[in-house]
Amino acid sequence: LLQTSREMVARSAATLITHPFHVITLRCMVQFIGRETKYSGTLSAFATIYREEGILGFFAGLVPRLLGDILSLWLCNMLAYLINTYALDNGGCRAGRGLRAPGFEGTFCPSQVSTMSEMKSYSQAVTGFFASMLTYPFVLVSNLMAINNCG
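Residues numbered from 1 in each chain as written. Predicted model: local features only at pLDDT ≥ 70, side-chain atom pairs only at ≥ 80, totals over all residues. Heavy atoms only, no water.

1. What to know about the overall build of the chain
Link 1 in the chain: Assigned secondary structure in the chain consists of five helices and zero strands.
Link 2 in the chain: Shown N-terminal to C-terminal, the secondary structure of the chain runs as helices and strands in the order α-α-α-α-α.
Link 3 in the chain: In the chain, buried positions account for 27% of the 151 residues.
Link 4 in the chain: Across the chain, every contact between residues at least 6 apart in sequence was considered, and the portion connecting residues at least 24 apart equals 72%.
Link 5 in the chain: For the chain, the accessible area works out to roughly 10,200 Å², and carbon and sulfur atoms hold 68% of it. (Helix = DSSP H or I, 4+ residues; strand = E, 2+ residues; numbered from the N terminus. Buried < 20%, exposed > 50% of the residue type's maximum accessible area, 1.4 Å probe, protein only. Contact = heavy atoms within 4.5 Å. Areas by Shrake-Rupley, 256 points an atom, 1.4 Å probe, with all protein chains shown as cover.)

In structure tokens:
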């Protein structure tokens, strides 16, 4: 919980700092696709956006992007935690193959530890994919707002 909170603050700060560049990038890409000539480069886009929309023009679409990032992060980490804690069992080895150590209950199987750590790393990737699917509407709205200068 604490680690996720720290990651949320760091990711939100990074999003806040980089969002103006995201807006410029999106608008330049859309201009290229639409064969328009409003911006002639990055500096031209920066000057034009500032002149026409002010400083807030660089932060169009920031709120849905932040919401989507935060929701995605919490969903991903919580699902991964639940899967790693409750679904992936660290039980003993099958067929009695395992090492017994004095003072420890049960058996220890080195190959199983390796497999469990692999499964736990895969669970983070799978939950990240699932969370990004669920929060894609926030990304879409944010990009549309940045392109169309809404909010």
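On we go from here.
2. Regarding the environment of Leu-134
Link 1 in the chain: Along the chain, Leu-134 turns up in helix H4 (residues 110–134).
Link 2 in the chain: Here Leu-134 falls in the partly exposed class, since its relative accessible area comes to 46%.

3. Brief notes about the nonpolar core
Within soluble globular proteins, side chains that are nonpolar tend to cluster in buried spots.
Link 1 in the chain: Counting eight residues, the largest nonpolar core is built from Val-23, Ile-24, Leu-26, Tyr-39, Ala-45, Ile-49, Phe-58 and Ala-146.
Link 2 in the chain: Of all the secondary-structure elements, those providing two or more residues to this core are helix H1 (2–34) and helix H2 (42–53).
Link 3 in the chain: With three residues, the single largest contributor to this core is H1.
Link 4 in the chain: Look past the residues within four positions of Ala-146 in its chain and what remains in contact with it is Val-23, Leu-26, Arg-27, Ala-60 and Gly-61. (Core = buried A, V, L, I, M, F, W, Y, C linked by side-chain atoms within 4.5 Å.)

4. Some remarks on the packing of helix H3 (residues 62–87) against helix H5 (residues 136–148)
Geometrically, a packed helix pair is captured by the angle between its two axes and the distance between the axes.
Link 1 in the chain: Contact geometry for H3 and H5: axes closest at 8 Å, N-to-C directions at 160 degrees. Considering their axes alone, H3 and H5 lie roughly antiparallel with respect to each other. Between H3 and H5 lies a crossing whose hand is left-handed. Contact residues: Pro-64, Arg-65, Leu-67, Gly-68 and Leu-71 in H3; Phe-138, Val-141, Ser-142 and Met-145 in H5.
Link 2 in the chain: Residues belonging to the contact of H3 with H5 are distributed by class as follows: six nonpolar, two polar and one charged. (Axes fitted to C-alpha atoms, helices over the stretch in contact; angles between N-to-C directions. Parallel < 35°, antiparallel > 145°, perpendicular 65-115°, else oblique. Left-handed = near helix turned anticlockwise from the far one by under 90°. Nonpolar A, V, L, I, M, F, W, Y, C, P; charged D, E, K, R; others polar.)

5. Focus on the UniProt feature "transmembrane region" (unreviewed entry) in the chain
Link 1 in the chain: When the UniProt feature table is mapped onto this chain, "transmembrane region" (unreviewed entry) is found at residues 125–147.
Link 2 in the chain: Within residues 125–147, the helical portion is 96% and the strand portion 0%, while the C-alpha atoms at the span's ends are 30 Å from each other. (UniProt positions renumbered as here; feature names shortened; annotations may be inferred.)

6. Observations regarding the pattern of salt bridges
Between side chains of opposite charge, a pair can form when the charged atoms approach closely.
Link 1 in the chain: Applying the stated criterion across every chain yields a total of three salt bridges.
Link 2 in the chain: Across the pair Arg-11 and Glu-7 runs a salt bridge whose closest N-O atoms are separated by 3.3 Å. Within this pair, Arg-11 and its partner Glu-7 are both found in helix H1, separated by four residues, close to a single helical turn.
Link 3 in the chain: For the salt bridge of Glu-52 with Lys-38, the shortest nitrogen-to-oxygen distance reads 2.9 Å. Of this pair, Glu-52 sits in helix H2 while Lys-38 sits in the loop between H1 and H2, and the two are 14 residues apart along the sequence. (Salt bridge = Lys/Arg side-chain N within 4 Å of Asp/Glu carboxyl O.)

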